[in-house]
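# A closer look at the structure
What follows is each chain in one-letter form.
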Amino acid sequence: MAMTPLADAPVTELAALRGLFFDLDDTLLTHGVLTRAAYGALWDMHDAGLRLVAVTGRPSGWGEVIVRQWPVDGVVAENGAVALLRQSNGSGGSSGVARFDGCDESERQRRRMQLGDLVARARTLVPEARLTDDVHARVTDVTWDIGERVRLPGDRVDLLAKMIVDAGARTTRSSVHLHATFDVEDKASGAVSFAHAVFGEDAGTTLARYAFIGDSGNDAACFSAFRTTFGVANIASWVPRLSVVPRYVAEGARGLGFAEVASALVQSRGIASRRSGLPR
Ligand SMILES: [Mg+2]
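The following refers to the structure shown.

Conventions we followed
- Residues numbered from 1 in each chain as written.
- Predicted model: local features only at pLDDT ≥ 70, side-chain atom pairs only at ≥ 80, totals over all residues.
- Heavy atoms only, no water.
- Helix = DSSP H or I, 4+ residues; strand = E, 2+ residues; numbered from the N terminus.
- Rg over C-alpha atoms; globule rule 2.2 N^0.38 Å.
- Buried < 20%, exposed > 50% of the residue type's maximum accessible area, 1.4 Å probe, protein only.
- Areas by Shrake-Rupley, 256 points an atom, 1.4 Å probe, with all protein chains shown as cover.
- Donors = N, O, S within 2.8 Å, 3.2 Å for Na, K, Ca; no water.
- Pairing = 2+ DSSP bridges.
- Axes fitted to C-alpha atoms, helices over the stretch in contact; angles between N-to-C directions.
- Contact = heavy atoms within 4.5 Å.

## A look at the overall build of the chain
Check the secondary structure of the chain and you find ten helices and twelve strands. Rg of the C-alpha trace for the chain: 19 Å, near the compact-globule value of 19 Å for 280 residues, within the 12% margin. C-alpha atoms of the chain, sized along the principal axes, occupy 65 × 45 × 35 Å. Each of the 280 residues in the chain was classed as buried or not, and the buried ones make up 49%. When the accessible area of the chain is evaluated, it comes to approximately 12600 Å², of which 53% is carbon and sulfur surface.

## With respect to unusual backbone geometry
Positive phi, close to 65°, is recorded for Asp 26, a residue that is not glycine. Within the fold, Asp 26 resides in helix α2 (residues 24-28). Given a relative accessible area of 9%, Asp 26 falls into the buried group. The phi dihedral of Glu 78 falls on the positive side, at around 50°, and the residue is not glycine. Using a relative accessible area of 3% as the deciding quantity, one classes Glu 78 as buried.

## Thoughts on the coordination of the magnesium ion
Where a metal carries four tetrahedral donors, each ideal angle is 109.5 degrees; where it carries six octahedral donors, the ideal angles are 90 or 180 degrees. Donor atoms from the polypeptide that coordinate the magnesium ion comprise Asp 23 (OD), Asp 25 (O) and Asp 215 (OD), at 2.1 to 2.2 Å from the metal. Positions of the donor residues of the magnesium ion, expressed as sequence spacing, correspond to D-x1-D-x189-D. The residues Asp 23 and Asp 25 share a single accessibility class, namely buried.

## What to know about the pairing of strand β5 (residues 82-88)
Summarising the sheet, strand β4 (residues 74-77) and β5 pair through three bridges and their orientation is antiparallel. Following the sheet pairing, Val 76 is matched in β5 by Ala 83. As consecutive antiparallel partners, β4 and β5 are separated by four residues, and within that stretch Glu 78 has a phi angle of approximately 50°, a positive value.

## What to know about the sheet that holds strand β7 (residues 141-145)
Read from one edge to the other, the open sheet built from three strands follows the order β7-β9-β8, with strand pairing classed as antiparallel. Bordering the open sheet on either side are β7 and β8 (170-173), each of which pairs with just one other strand. Going across the sheet, the axis of each strand differs from the next one's by a mean of 20°, ignoring polarity. Pairing analysis gives five bridges linking β7 to strand β9 (residues 177-181), with the strands arranged antiparallel. In the sheet register, Trp 144 faces β9, and the bridge partner there is Leu 178. On top of the sheet, helix α5 (residues 105-125) reaches β7 and β9; it is set at about 25° to β7, its chief contact.

So, in structure tokens, the structure goes:
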């Protein structure tokens with residue numbers, strides 16, 4: 001099915017949304033940078049009463065920083081395996097970060113050892129492949145740099161991916177990283193678990209009343225699961241490889257596209273409340 005331009009998204013559909021789950025790299029972030037437009041867009045949605053949750057392949061260590069500092073309700077990190085939530089001290093101040101990991105500590109240790117074996121095997125098989133510079137902040141996966149600081153040719157990425165699968169692990173790739181994990185969660189299951197634990201929403205409500213915005217292959221689970229989905233314009237290069245494409249697509253790429261979607265969501269709430277005669 002073809003993607004519909006964002007401008008043609010029905011206001012009633014956008015206005016009914018309770019929140020937005022969003023990808024970071026090449027969706028909110030523009031080549032790794034949080035632009036003024038994108039950060040302003042987050043605040044605009046926050047001020048309009050939308051719940052905001054980042055859903056990223058980035059490490060839980062990044063998630064801890066983001067939930068402490070940004071106007072978001074939480075972060076689902078490492079492609080769904082770990083979630084981070086700011087804990088308030090009750091007087092409005094921040095008192096720390098809660099971490100949700102579906103796996104107990106001994107099993108987590110066992111999986112980390114297995115990931116270590118994969119790293120060793122990769123060093124022999126594809127010696128030029130480099131681990132990402134954020135791998136130390138990860139708990140549930142390991143990642144190789146395929147397009148962030150270095151570009152690994154497609155056939156070498158495929159070779160690594162085959163090695164990971166042959167070892168009984170799962171692999172996903174974003175525009176920048178190739179991931180290996182022994183966890184079973186994906187971005188969609190991680191988002192649904194988060195909304196249940198934190199917002200008290202059942203899965204059906206989450207997938208119908210929250211939207212998702214992303215840009216690449218590791219967003220595929222969310223594009224399939226959520227009813228209202230957005231792509232930033234740079235999704236175009238991934239479209240041939242996605243079984244389900246986002247329902248709506250922004251004109252702008254990366255952070256600009258994100259800001260466009262945010263603006264449509266915020267405006268829809270104003271339009272809908274004026275129509276129904278309710279105060280904004
Ligand atoms: Mg991305």
